[in-house]
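Here is how the chains run, residue by residue.
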Amino acid sequence: MSQKENVNPKCGALTPPGHRKDPPKSESPPKGGAVTLPGTGRVPLESCAPPAPPLQPRTFSLEDFEVGRPLGKGKFGNVYLARERSTKFLVALKVLFKSQVEKEGVEHQLRREIEIQAHLRHPNILRLYNYFHDRRRVFLILEFAPRGELYKELQRCRRLDTPRTATLMEELADALLYCHERKVIHRDIKPENLLLGFKGELKIADFGWSVHAPSLRRRTLCGTLDYLPPEMVEGMAHDEKVDLWCVGVLCFELLVGHPPFESPSHAETYQRITKVDLHFPPFVPDGARDLISRLLRRSPSERLPLADVLQHPWVRAHSRRVLPPTYVPPQP
């Protein structure tokens, strides 16, 4: 079948073959006073626009929420659509089981995730409103992103068109610039950790591998194999420029449908990363090739800064980003 016959007009891309992971299975909502939201099998997007004012800081318990359908499944628990009873505010309720967190020895990582994400305020970063816990579980009250994971959108479309990709690049670069100014490195940028808001805007989520590092130098090996930069593969110290590498990998995957160094084995992937063995299909635009090539540099110091990503001619020419009225972008 020809590429033209496979094109999905809504995405400007091919239909998906699927890779990396399966969609979450249906799970029962958490017990303990929770009820199922009426009519939330398919929530109309119009009802997902958060009312004003949002949740105010206070002490919460599970009794404060009506819990609906599952939104996703993770290693330590699940995420559910929920509505705060008094305000009717829709949120995503992430439920983590303490036994699993303790078994894996990631209590410190969870505390760090909560501390970092709770202090970030940016239109392209998922809000963590609050958290609470009971004897068995920890509950994170998160902003609800109605359009779900970017990964699932990429599965559906196979690859994204130029305007959509350029828009996501601008939103991601701006959000990461905000993080880096606050000495926060995400370290696990990938489609599974990026959500889509009410208007399709990008939301960085899952700060589980993030770190607040005032020195901005780390040695921990973390992140996802296809997105690891050379310095992490080789066990060297790394800084915030690991996120620049991930932006380049993501841009390639959105336009092509798979990561640039994907190989049959881990060893081959590592080898291609360390050599920066980068090859573009003929349909990738010249402007995108230039952007990706300037981000995927072996030497971190040679990678294109985020402020320059925002001003890159290909991004500027094709991005259709819509900013909230109250948002003031950081100055380069």
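Positions within a chain are numbered from 1, following the residues in the order the chain's sequence is written. Totals for whole chains, interfaces and linings use every residue, but because this is a predicted model, local features are given only for residues with pLDDT of at least 70 and side-chain atom pairs only at 80 or more, for both listing and counting. Each side-chain value is derived from all of the structure's non-hydrogen atoms; neither hydrogens nor water enter the calculation.

### Describing the overall build of the protein chain
- Check the secondary structure of the protein chain and you find 11 helices and 11 strands.
- Burial analysis of the protein chain (332 residues in total) assigns 52% to the buried set.
- Long-range contacts, defined here as pairs at least 24 residues apart, represent 67% of the contacts in the protein chain between residues at least 6 apart.
- For the protein chain, the computed accessible surface area is about 16000 Å², with 52% contributed by carbon and sulfur atoms. Each helix is a run of H or I in the DSSP string that is no shorter than four residues. Each strand is a run of E no shorter than two, and both are numbered from the N terminus. Throughout this description, buried means an accessible area under 20% of the type-specific maximum (1.4 Å probe, protein chains only), exposed means over 50%, and partly exposed covers the range between. The contact criterion used is simple: two residues touch if any of their non-hydrogen atoms lie within 4.5 Å. Each accessible area is a Shrake-Rupley estimate made with a 1.4 Å probe; only the visible protein chains count as cover when residues are assessed.

### Quick notes on unusual backbone geometry
- With a phi close to 75°, arginine 187 is a non-glycine residue in the positive phi region.
- Mapped onto the elements of the fold, arginine 187 is located in the loop between β8 (184-185) and β9 (194-196).
- Of the residues examined, arginine 187 reaches a relative accessible area of 3% and is grouped as buried.

### Concerning the nonpolar core
- Residues enter a nonpolar core if they are buried and are Ala, Val, Leu, Ile, Met, Phe, Trp, Tyr or Cys, with the set joined through side-chain atoms within 4.5 Å. Counting 52 residues, the largest nonpolar core has Met169, Leu172, Ile204, Leu250 and Trp314 as the members making the most contacts within it.
- Broken down by secondary-structure element, the contributors of at least two residues to this core are α4 (150-157), α5 (162-181), β9, β10 (202-204), α7 (241-256), α9 (286-295), α10 (306-310) and α11 (313-318).
- If one sorts the elements of this core by residue count, α7 sits on top with 11 residues.
- In contact with methionine 169, other than residues within four places in its own chain, are Val247, Leu250, Cys251, Leu254, Val309, Trp314 and Val315.
- Core analysis: the second largest hydrophobic core is formed by 16 residues, Phe76, Leu96, Leu110 and Leu142 among them.

### Concerning the sheet that holds strand β6 (residues 128-133)
- Should DSSP find at least two bridges between two strands, the strands are regarded as paired. With antiparallel pairing, the 5 strands of this open sheet are ordered in space as β3-β4-β5-β7-β6. For this open sheet the edge positions go to β3 (65-73) and β6, each flanked by a neighbour on one side alone. Each strand of the sheet is rotated relative to its neighbour by a mean of 25°, with strand direction disregarded.
- Inspection of the sheet shows β6 paired to strand β7 (residues 137-143) by 5 bridges, in the antiparallel sense. Each residue of the ladder has a partner; that of asparagine 130, found in β7, is isoleucine 141. Simply put, an axis is a line fit to the C-alpha atoms, just over the touching stretch for a helix, and the angle between two N-to-C directions goes from 0 to 180 degrees.

### A short note on helix α3 (residues 107-118)
- For α3, which comprises 12 residues, the first-to-last C-alpha distance of 17 Å matches the rise-based estimate of 16 Å (1.5 Å per residue) to within 8%.
- For α3, the set of buried residues is Gln109, Leu110, Arg112, Glu113, Ile114, Ile116 and Gln117. The length a helix should cover is 1.5 Å for every residue beyond the first.

### Focus on the confidence of the model for the protein chain
- Chain-level statistics for the protein chain give a pLDDT mean of 81 and a share of 77% at 70 or above.
- The quantity called pLDDT is the predictor's confidence in a given residue, expressed from 0 to 100. Per-residue pLDDT stays below 50 along residues 32-53; that stretch engages in 35 contacts with residues further than four places along the chain or on separate chains.
- Long-range and interchain partners of residues 210-223, a stretch whose pLDDT sits below 50, account for 51 contacts in this model, where long-range means more than four residues apart.

### Things to note about the environment of valine 95
- Among the structural elements, valine 95 can be located in strand β5 (residues 90-97).
- The class for valine 95 is buried, based on a relative accessible area of 2%.
- Residues valine 95 and isoleucine 141, spaced 46 residues apart in sequence, show a C-alpha to C-alpha distance of 9.1 Å.

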